[in-house]
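Read off the chains here:
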Amino acid sequence: MASGGYGRGGRGALLLQALSQPPRKPGDNGQEEKPASSLAPAAEQTSPAPQAPAPMGRGAVLASLLNKQAASQPIQPTPGGDASAGPAVPRPMGRGLASMQALLYDRSRQSLPQSTARGTAVLQQASQVAPAPAPTQPTPPAQPPPARPQGEGPGSPPSSRLARMSLDRKDVVQMHGTDGKPMHLCANYIRIKCKNSGVFQYHVDFNPNIDARGMRFKLINEHRDVIGFTKAFDGSILFLPIQLPQQETVLTGVRHTDGVPVTITIRLTKVIPPESCHQLYNIIFRKIMGILKMVQVGRYFYNPYTPFGVPQHKLEVWPGYITAVSEQEGGLMLLADASHRVLTTETVLDKLYTIVQRNTHGFRDELIRTLVGTVVLTRYNNKTYRVDDIVWNKDPTHTFQLANGEEMSFIDYYKKNYNLTIKDQGQPLLIHRPKAKMQQGERKPKLEVICLIPELCYMSGLNDALRQDFRVMKDLAAHTRVTPEQRRLTMMQFLEHVNSHDEARGELEKWGLQLDSKILDFEGRQMRQEEIQFRSNKVMSGHQADWSRAATNEHVITAVPLKTWVVMYTKRDHSKAIDFIDTMLKVAGTMGIDCSQPTRFELKDDRVETYIRALRENINPRLQIVVAICPTSRDDRYSAIKKTCCVESPIPSQVINAKTISDQKKLRSVVQKIALQINCKLGGELWAVSIPLKGLMVIGVDIYHDTAGKKQSICGFVASMNKNCTRWYSRCMIQPVSQELVDGLKVCLVSALTKYHETNHELPEKIIVFRDGVGDGQLNTVADYEVDQLRSCFTHLGENYSPKLSVVIVQKRINTRIFAANGRQMENPPSGTVADHTITRRDKYDYFLVSQHVRQGTVSPTHYIVVSDDSGMKPDHMQRLSYKMTHLYYNWPGTVRVPAPCQYAHKLAQLVGQHIHKEPSQELSDRLFFL
């Protein structure tokens with residue numbers, strides 16, 4: 001081990017001593033001057049003359065080499081300096097960053113003619129951290145210090161400025177369009193003004209180390225006289241709105257469990273500008289929600305004290321708010337929106353009684369299907385739990401052990417802590433298993449089980465039976481379907497609550513935050529209406545973007561003659577089947593479709609096996625399509641029919657619920673839509689819009705997570721095959737459990753390009769991919785991974801084939817709302833409204849598009865994020881193409897929320913994920929068989 005503490009192991013001292021000796025000639029045995037041994041104590045090493053303390057560490061080696069180099073070269077005059085001045089005075093060099101900066105500063109003054117004001121200021125300030133030893137040579141005359149940037153005085157630590165300098169923010173991406181009619185818009189955003197220069201981030205160390213987070217919080221809170229009362233601390237990272245006097249603050253405390261003294265070191269790591277503190281500000285607003293007595297249910301906060309009752313269905317609605325702080329192109333903003341939570345007023349025990357009375361023998365299995373996987377709310381603490389299991393051999397009379405070792409029953413526990421009396425002492429217990437969390441210092445996560453009392457739990461949300469009940473949804477819509485003006489009033493009410501509450505307003509003021517007094521307003525545009533093309537006529541889409549009348553009166557672009565088809569039905573649906581066939585023959589001619597009489601096949605019953613046997617008997621190569629009329633809606637029967645027609649014996653199929661064709665008043669309109677669907681499934685084209693781009697392929701990709709069976713993820717892939725994007729090629733890939741990234745994207749694209757070449761005898765020049773089903777957390781990962789997969793496909797079709805590729809992420813599950821200002825009132829913006837600035841991402845090429853028209857509630861825009869763009873298209877052209885694609889979904893004679901290929905991909909993935917669970921036959925890939 002080295003003596004004297006020179007460097008690591010004494011290597012620096014040895015090298016310094018060796019470099020200080022004169023060069024040795026060949027053959028010289030070095031007897032005249034003996035180098036000092038690195039193992040000898042420093043006091044025993046003699047020197048001809050007293051010297052300053054030896055420099056320390058690896059930095060000293062570099063300093064000595066630079067000094068020797070400077071001594072062997074003539075001194076060059078520096079700007080504003082003295083040419084006769086001696087070499088730079090050596091400073092004590094350690095491993096610290098400040099000393100290295102001082103060394104670099106001295107070298108830069110000798111070699112560089114000029115230095116930037118900011119860099120020179122930082123280096124000069126860094127050189128003042130440690131005092132230099134007494135000079136042994138004359139020093140140059142003092143130079144006037146360079147001008148410092150504002151806010152960087154000598155008292156600020158260098159690492160804080162370096163951290164601030166390292167936060168190089170990306171330039172603002174401004175991809176704005178100009179085409180369209182300007183219009184005044186508002187959005188559910190509120191500007192946030194920040195009075196402070198930023199937030200100071202510190203790293204906190206404890207010596208000896210403290211594993212318990214609670215103990216760390218307690219030790220930090222004991223020093224509020226130093227750090228203040230306003231802070232955000234997670235156990236190791238400390239955020240403060242103020243800067244401590246020292247870069248490194250050392251505090252002392254006592255561990256209360258054993259009285260051991262603890263040294264707390266708080267070290268400044270970076271200064272974060274307000275625009276980058278949105279994660280911290282979100283935590284602050286969560287705290288404000290607690291101050292306003294809001295209760296968190298799921299992800300959002302609700303007010304349990306002013307519910308809306310729906311007593312006829314034993315439901316109630318809690319009003320609430322959605323808040324999220326983010327940095328947009330227009331600055332730091334708070335997104336605020338109205339939210340509603342539907343809860344049942346009956347307990348889980350009431351549900352249990354109902355099921356037991358209805359199914360006395362098999363109630364256990366039915367209860368497991370009904371309760372397991374659902375979310376319940378316990379109103380005594382307003383918390384939500386997921387039901388993972390039901391324990392039948394335990395009841396509230398059973399006991400459990402408390403932390404102090406005391407045994408207590410569930411009845412006594414709820415009576416003592418919540419003053420609640422459990423009436424039914426024989427009810428089973430519900431089990432909730434929280435996600436295992438790894439605590440500091442533990443090798444394995446701690447597993448916990450929470451037991452819940454059904455009598456004290458309430459069902460949260462809506463089940464499938466309630467969602468399918470039209471009356472329930474209509475009554476709930478009276479409270480949950482909020483108009484644009486009501487949303488604006490809700491946001492203003494939220495602002496008033498925060499500003500009028502002293503504690504909530506004070507929490508914002510502590511961090512230097514202030515909310516604007518009004519919602520955000522900005523300028524947007526409305527794109528012109530599209531012209532819908534039929535076989536021999538053109539119509540305008542209209543203000544409401546609806547051409548349902550023209551779709552049934554005009555001739556479709558490509559009509560496939562319906563010559564050989566079969567209709568299957570049961571005996572009780574005989575009359576409905578006859579009415580359907582007669583109406584089909586009448587309406588098909590109006591739309592330009594040649595329709596012949598079908599083959600009728602009457603089934604003896606409605607069993608699944610009967611339908612499958614009939615399909616296998618009737619399907620033959622000459623048959624075009626199978627129409628099956630089912631008496632009731634049953635998923636198992638529908639899945640069996642689709643699996644037979646899509647996998648086993650590939651043929652287009654149309655399943656009709658007898659209830660939909662039982663009303664004679666609506667029969668004609670229903671059959672018209674069925675006729676259009678059948679024409680699409682046979683390969684026909686209904687309508688088109690003008691797309692001026694040549695050699696274009698538009699692709700839609702979506703993911704569906706199969707929650708049943710093997711819980712696989714299904715990727716739907718749909719690509720256009722002609723110039724007008726009216727013919728489509730589809731593929732479907734099944735992926736591992738809950739996987740969002742599309743591993744099979746390469747196979748799908750190569751097969752689509754091959755099919756495109758077979759159809760058009762050329763390859764596309766431009767490829768636009770609309771990718772749905774991606775959240776913000778996977779935005780960059782999905783973009784990088786999938787874009788690389790797409791680009792690697794082009795070499796499979798020729799070494800020189802390199803089309804222009806653009807990838808656009810489509811997000812429809814967003815909380816952004818856009819309003820059109822009509823005087824002082826807010827209303828829904830018309831179809832074709834686009835917003836491409838102010839509320840868009842700061843560092844992304846993105847835009848919001850309102851493509852659909854809604855008559856009730858508030859319209860939801862769709863967020864488009866262009867993550868890769870080689871097409872060279874202007875923002876106007878990209879936005880225009882996105883809007884055109886929303887007109888081409890053949891299941892609805894109007895615009896939809898997302899581009900048609902995304903909606904097609906969603907329908908395909910949903911069909912496979914819910915019913916088929918296998919990849920469909922490729923014989924159907926050139927038709928829209930999944931509509």
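Structure: above.
Residues numbered from 1 in each chain as written. Predicted model: local features only at pLDDT ≥ 70, side-chain atom pairs only at ≥ 80, totals over all residues. Heavy atoms only, no water.

A. Spatial organisation of the overall build of the protein chain. A count of helical and extended segments in the protein chain gives 24 helices and 38 strands. Put simply, the protein chain has 931 residues, and 46% of those count as buried. Partitioning the contacts of the protein chain with sequence separation of at least 6, the portion at a separation of at least 24 is 71%. Element-wise, carbon and sulfur atoms account for 50% of the exposed surface of the protein chain, whose accessible area totals about 47,300 Å². (Helix = DSSP H or I, 4+ residues; strand = E, 2+ residues; numbered from the N terminus. Buried < 20%, exposed > 50% of the residue type's maximum accessible area, 1.4 Å probe, protein only. Contact = heavy atoms within 4.5 Å. Areas by Shrake-Rupley, 256 points an atom, 1.4 Å probe, with all protein chains shown as cover.)

B. The arrangement of the nonpolar core in detail. Counting 83 residues, the largest nonpolar core has Trp 565, Phe 580, Ile 629, Trp 687, Phe 770 and Tyr 904 as its most contacted members. If one sorts the elements of this core by residue count, helix H24 (residues 900–916) sits on top with nine residues. Those residues within four positions of Ile 629 in sequence are excluded, and the remaining contacts are Val 567, Met 568, Tyr 569, Thr 570, Asp 573, Ala 577, Phe 580, Tyr 611, Ile 656, Ala 658 and Ile 661. (Core = buried A, V, L, I, M, F, W, Y, C linked by side-chain atoms within 4.5 Å.)

C. Region of the structure containing the sheet that holds strand E7 (residues 261–272). Taken in spatial order, the five strands make up an open sheet running E4-E5-E3-E7-E6, and their pairing is antiparallel. Where the open sheet ends on each side, the last strands, each with one partner, are strand E4 (232–233) and strand E6 (248–254). Bridging between E6 and E7 involves seven bridges; their strand directions are antiparallel. Across the sheet, Gly 253 pairs through a bridge with Val 262, a residue of E7. (Pairing = 2+ DSSP bridges.)

D. Structural detail: the packing of aromatic side chains. Scanning the model with the defined rule gives 19 aromatic pairs in all. Look at Tyr 413 and Tyr 414: their rings are 5.3 Å apart centre to centre, the planes differ by 85°, and that puts the pair in the edge-to-face class. By the ring-pair criterion, three or more aromatic residues cluster together here, those being Tyr 380, Phe 400, Phe 410, Tyr 413, Tyr 414 and Tyr 418. We note Arg 379 situated over the ring of Tyr 458; from NZ or CZ to the ring centre the distance is 4.3 Å. (Phe/Tyr/Trp six-rings, centres within 6.5 Å; stacked < 30°, edge-to-face > 60°. Lys NZ or Arg CZ within 6 Å of the ring centre and 35° of its normal.)

E. A look at the pattern of salt bridges. A full pass over the atoms with the stated rule returns 32 salt bridges. Linking Arg 525 and Asp 876 is a salt bridge whose minimum nitrogen-to-oxygen distance equals 3.6 Å. With Arg 525 in strand E22 (residues 520–526) and Asp 876 in helix H23 (residues 875–885), this pair connects stretches of sequence that are 351 residues apart. Of the two residues, Arg 525 and Asp 876, neither departs from the other in class, the shared state being buried. Among the ionic pairs, Glu 609 bridges to Arg 607, the shortest N-O distance being 3.7 Å. Members of the salt-bridge network, linked through shared partners, are Asp 205, Glu 248 and Arg 267. (Salt bridge = Lys/Arg side-chain N within 4 Å of Asp/Glu carboxyl O.)

F. Quick look at the environment of Ser 882. By the element assignment, Ser 882 lies in helix H23. C-alpha of Ser 882 to C-alpha of Ile 768: the two residues are 114 residues apart in sequence and 9.9 Å apart in space. Not counting chain neighbours up to four residues away, the residues in contact with Ser 882 comprise Phe 770, Tyr 847, Leu 849, Tyr 864 and Pro 899.

G. Region of interest: unusual backbone geometry. The residue after Asn 207, namely Pro 208, is reached through a cis peptide bond having omega 0°. By secondary structure assignment, the location of Pro 208 is in the loop between strand E3 (199–207) and helix H6 (213–221). Even without a glycine there, the phi angle at Lys 293 is positive, about 65°. Positive phi values are uncommon outside glycine, yet Asn 419 reaches one of about 55°. Looking at Asn 419, the relative accessible area reads 56%, which means it is exposed.

H. Up close: helix H9 (residues 348–358). Here H9 has its buried residues at Val 348, Leu 349, Leu 352 and Ile 355. Each buried residue of H9 sits inside an arc of 120° when the element is viewed along its axis, so together they form one side. Across from the buried face of H9, at angles greater than 90 degrees, the exposed residues are Gln 357 and Arg 358. Residues of H9 that are buried make contact with strand E12 (331–347), helix H10 (363–371), strand E13 (375–378), strand E18 (429–432) and strand E20 (457–460). (Arc of directions from axis to C-beta.)

I. Here's a closer look at the side chain of Gln 201. By the secondary structure assignment, Gln 201 is in strand E3. Excluding residues within four positions of it along the chain, Gln 201 makes contact with Ile 237, Leu 238, Phe 239, Arg 267, Leu 268, Thr 269, Lys 270 and Ile 272.

J. Focus on the packing of helix H18 (residues 608–618) against helix H19 (residues 635–648). Direction vectors running N to C along H18 and H19 enclose 20°, while the axes themselves pass 9 Å from each other. The orientation of H18 relative to H19 falls into the category roughly parallel. Pair H18 / H19 crosses with right-handed handedness. The segment H18 lies against H19, with Val 608, Tyr 611, Ile 612, Leu 615 and Arg 616 engaging Asp 636, Arg 637, Ala 640, Ile 641, Thr 644, Cys 645 and Glu 648. In terms of residue class, the contact of H18 with H19 is made up of seven nonpolar, one polar and four charged. (Axes fitted to C-alpha atoms, helices over the stretch in contact; angles between N-to-C directions. Parallel < 35°, antiparallel > 145°, perpendicular 65-115°, else oblique. Left-handed = near helix turned anticlockwise from the far one by under 90°. Nonpolar A, V, L, I, M, F, W, Y, C, P; charged D, E, K, R; others polar.)

K. Expanded view of the state of the cysteines. Per the counting criterion, the structure on display carries zero disulfides. A disulfide-free cysteine, Cys 194 has its sulfur positioned 7.4 Å from the sulfur of Cys 277, the nearest such atom. (Disulfide = S-S within 2.5 Å.)

L. View of the sheet that holds strand E28 (residues 653–657). Read from one edge of the open sheet, four strands run E26-E25-E27-E28, paired in parallel fashion. What marks the edges here is a single partner per strand, and that holds for strand E26 (599–603) and E28. Mean inter-strand twist for the sheet, computed between neighbouring axes without regard to direction, equals 20°. With four bridges joining them, strand E25 (residues 565–570) and strand E27 (residues 625–630) adopt parallel strand pairing. Paired with Val 566 across the bridge in E27 is Val 626. Most of the contacts of helix H17 (residues 574–590) go to E25, to which it runs at about 155°, and overall it touches E25, E26, E27 and E28. Here helix H20 (residues 664–681) sits on the sheet in contact with E27 and E28, set at roughly 160° to E28.

M. Here's a closer look at the environment of Asn 760. Among the secondary structure elements, Asn 760 is positioned in helix H21 (residues 745–760). Linking Asn 760 and Met 721, residues 39 residues apart in sequence, is a C-alpha distance of 7.9 Å. Sequence-distant contacts of Asn 760, defined by excluding residues within four places in its chain, comprise Met 721 and Asn 722.

N. Summary view of the packing of H21 against helix H22 (residues 779–792). Running from amino to carboxyl end, H21 crosses H22 at an angle of 35°, the nearest separation of the two axes being 9 Å. Judged by the sense of rotation from one axis to the other, the crossing of H21 with H22 is right-handed. Contacts between H21 and H22 involve Leu 745, Lys 746 and Leu 749 from the first element and Glu 786, Gln 789, Leu 790 and Ser 792 from the second. Residue composition of the contact of H21 with H22, grouped by class: three nonpolar, two polar and two charged.

The values reported here are purely geometric and, on their own, carry no functional implication.
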